[in-house]
Amino acid sequence: MNLEKDILDCLLNDTQLDFKCLQNPKYLQQGICPVCKHKERTLWAYRDAPWALICSRMKNCKTIIPVRDRYPELFENFTERYPATTEDPIPFIGYDKATGAYAFPDFGYHRRTMVNKNREGYLSFDRLSIKSSLKLLEDNIYHRGKDHFNADWYQDFYFVFENQGLAALSFWAGSLFAEQIRQKQEGYTLLEISGDRETGKTTMTKLLWRLLGVSRYEGVDPNKMNERALARKFAQGGNIPMVLIEGDRNETRGRSMFGYDWLKTTWEGGVIRGTGLKNHGLETNEDPFKGSVIVVQNMTVDGSDALLSRFVHLHMTAQGYNPEVEKAIHRLRERDIEEMASFRNRLLCDEPAILKAYFHHYGKAHARLIERANREQTKFTPRVIQNHAQILAWAHTLQPIFNGEITELQLKHFDSFIWTRCQDRQRRLQSEHEMIQQFWDYYDVLNWKTCNETGTPHNVEVLNHLPGSGKIAINLTEFDEACGDRKLQRLDTAELKRLFPNSVSRRYRENKPTRSKQANMNGRTRRCWIFDEVVNG
């Protein structure tokens, strides 16, 4: 039961008050004041907060009647008739797992119903009142969107971004239900979009945000935030994508780079950051991650196998760009934000049916990937299969929602595309990062030098400061100079430092000052990156 609704029913059926003006969405008007009974009908009340009857003849009547005094029976056995609801504001926006509602600043969703906030800022449903206390910047304001979903923008979207676009759109749709998915499937995939500059990464990301009703926003550069600020940013959304973008590398030189292994726990919605409560007890406050993660940057993410297995990876190129593509992009940018935001309304106003369809398609998608892996005798880790099956399932779930705009032929091509991404991810788990591979290729060429000082030609190591020890100790400054002397393309040493701990072919050990064993160094010390000399595999 809902008290506000019961009070409104009593007011509308009260023949003594006899409200005549019922068209106004905010007020009940032109009622008869029970005190002055003036013929001009000066009594009124708020619709969304009908706690008092007010006479507008304030100079002569000054009547304000609490509805509790007029309808005391509504307030008898109050706690039994109206069980306690969630009245404390939630400190984030989006999905609240405790109530099953979605709370945005000005509107919300619950059980197929979309409502606007009332005068107190709360979203009132049948037996639930909820609101978000999170203050958003102007660029993060969520537009309400139209009630009717029109998907005719999709053909331009697919024409520009093709399978990468459909994969990103599928992930984006699933992000709105990430918490519900984790309840049944343990985790929800992370998405990585890489590619050179001017390949459409930013354009596509901004278009995806417009589908949620947010304009002029792309994401957060984690290298420009300290750990506390970033942890709070991760906790601000429930079933809302957390987009990490790559900033200007020159701006971050001299500062520590963001470690992507920090994202491992976001896959299963684990704790982002724990803090101790300011009391004399042992209690802690641990904020779980409630959204989804998408990384958009030029270079690919590198990290441990545990991290990489949680990602579905898309790589964008400028291939196929032409004037027709530019026209399609322009049409997409010109779309009304309220029209685009109807995508969010369509999905969240039909949550139960959409989730049912997703889990149905997921079972089929997972089975297809397993069957093809067995047929081609290819081994995959279970998480890689699961993540790609989730993206595939959401593409099939969206097809009827888009009223045929997503065609059967597109889905057929998309099935093959996801299979190739699945294969690529598994190969990546078993191979070296391409920059590290290039580093070792250079090292194998540059390290050895033929000497003939004793009259007998022999090879000596010139980069490894621990020859004959079973270890490789490399000073990066010397390595960079050797690349320059041999006219080889120089590698980004800052990026190499970040990637070294995940070296596959030669296992990384440590970084420390090392006493050189090279004959010409006379025992001098160099700071070196140290690896096992044995090549794995």
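Right above here is the structure, for reference.
Residues numbered from 1 in each chain as written. Predicted model: local features only at pLDDT ≥ 70, side-chain atom pairs only at ≥ 80, totals over all residues. Heavy atoms only, no water.

Draft legend 1. Quick peek at the overall build of the protein. In terms of regular secondary structure, the protein is built from 17 helices and 22 strands. The C-alpha radius of gyration computed for the protein amounts to 31 Å, which surpasses the reference 24 Å derived for 537 residues by more than 25%, pointing to a less compact arrangement than a globule. Each of the three principal axes of the protein carries a C-alpha extent, and together these read 125 × 60 × 40 Å. Looking at the protein residue by residue over its 537 residues, the buried ones come to 49%. Partitioning the contacts of the protein with sequence separation of at least 6, the portion at a separation of at least 24 is 67%. Of the roughly 27,300 Å² of accessible surface on the protein, 48% is carried by carbon and sulfur atoms. The positive charge centre, built from 76 side chains, and the negative charge centre, built from 70, are 2 Å apart in the protein. (Helix = DSSP H or I, 4+ residues; strand = E, 2+ residues; numbered from the N terminus. Rg over C-alpha atoms; globule rule 2.2 N^0.38 Å. Buried < 20%, exposed > 50% of the residue type's maximum accessible area, 1.4 Å probe, protein only. Contact = heavy atoms within 4.5 Å. Areas by Shrake-Rupley, 256 points an atom, 1.4 Å probe, with all protein chains shown as cover. Lys, Arg positive; Asp, Glu negative; His and termini not counted. Charge placed at Lys NZ, Arg CZ, Asp CG, Glu CD.)

Draft legend 2. Layout of the nonpolar core. Ranked by size, the top nonpolar core spans 102 residues in total, and within it Trp153, Phe157, Leu169, Phe177, Leu263 and Phe402 carry the most contacts. With 12 residues, the single largest contributor to this core is helix α4 (residues 154-175). For Phe402, the contacting residues outside a window of four places in its chain are Phe149, Ala151, Trp153, Tyr154, Leu169 and Phe343. Residues Trp440, Tyr442, Leu496 and Phe531 belong to the second largest nonpolar core, which totals 20 residues. (Core = buried A, V, L, I, M, F, W, Y, C linked by side-chain atoms within 4.5 Å.)

Draft legend 3. Representation of the packing of aromatic side chains in the model. Under the criterion given, the structure shown has 38 aromatic pairs. Here the aromatic rings of Tyr154 and Tyr158 are separated by 5.9 Å at their centres, their planes lie at 35°, and the arrangement is tilted. A residue pair is termed a helical-turn pair when its members lie 3 or 4 positions apart in one helix, as Tyr154 and Tyr158 do in helix α4 at four residues. Of the two residues, Tyr154 and Tyr158, neither departs from the other in class, the shared state being buried. Ring geometry for Tyr508 versus Phe531: centroids 5.7 Å apart, planes at 65°, classification edge-to-face. Note that Tyr508 is positioned in strand β21 (residues 508-515) and Phe531 in strand β22 (residues 525-532), a separation of 23 residues in sequence. On the basis of relative accessible area, Phe531 is assigned to the buried category, the value being 0%. The structure contains a cluster of three or more aromatic residues connected by ring pairs, namely Phe149, Trp153, Tyr154, Phe157, Tyr158, Phe161, Phe343 and Phe402. Positioned above the aromatic ring of Tyr46 is the side chain of Arg119, whose terminal nitrogen or guanidinium carbon lies 3.7 Å from the ring centre. (Phe/Tyr/Trp six-rings, centres within 6.5 Å; stacked < 30°, edge-to-face > 60°. Lys NZ or Arg CZ within 6 Å of the ring centre and 35° of its normal.)

Draft legend 4. Quick peek at the pattern of salt bridges. Applying the stated criterion to the full structure yields 24 salt bridges. Between Asp415 and Arg368 there is a salt bridge, and its shortest N-O distance comes to 3.6 Å. One end of the pair, Asp415, is in helix α14 (residues 408-429); the other, Arg368, is in helix α12 (residues 351-375), and 47 residues separate them in sequence. Notably, a salt bridge pairs Glu495 with Arg498, separated by 2.3 Å at the nearest N-O pair. Of this pair, Glu495 and Arg498 are both found in helix α17 (residues 493-499), three residues apart, which corresponds to roughly one turn of the helix. On the basis of relative accessible area, Glu495 is assigned to the buried category, the value being 1%. Within the structure, one salt-bridge network assembled from shared partners comprises Asp18, Lys20 and Arg41. (Salt bridge = Lys/Arg side-chain N within 4 Å of Asp/Glu carboxyl O.)

Draft legend 5. Looking closely at the sheet that holds β22. With respect to topology, three strands assemble into an open sheet ordered β20-β22-β21, the strand pairing being antiparallel. What marks the edges here is a single partner per strand, and that holds for β20 (471-474) and β21. On average, each strand axis in the sheet is tilted by 35° relative to the strand beside it, whichever way the strands run. Where β20 and β22 come together, four bridges link them in antiparallel fashion. When the sheet's bridge partners are listed, Ile474 is paired in β22 with Trp529. (Pairing = 2+ DSSP bridges. Axes fitted to C-alpha atoms, helices over the stretch in contact; angles between N-to-C directions.)

Draft legend 6. Molecular detail of unusual backbone geometry. Residue Asn239 is not a glycine yet carries a positive backbone phi of 60°. The backbone of Asn403 sits at a positive phi, close to 55°, despite the residue not being glycine. Structurally, Asn403 is set in the loop between α13 (382-401) and α14. For Asn403, a relative accessible area of 60% gives the class exposed.

Draft legend 7. A look at the pairing of strand β3 (residues 52-55). Here strand β2 (residues 43-46) runs beside β3; their pairing, made up of two bridges, is antiparallel. Among the inter-strand pairings, Trp44 is bridged to a residue of β3, identified as Ile54. Connecting β2 to the next strand, β3, in antiparallel fashion are five residues. Bridging between β3 and strand β4 (residues 64-66) involves three bridges; their strand directions are antiparallel. Residue pairing for β4: Ile54 is matched across the bridge by Ile64.

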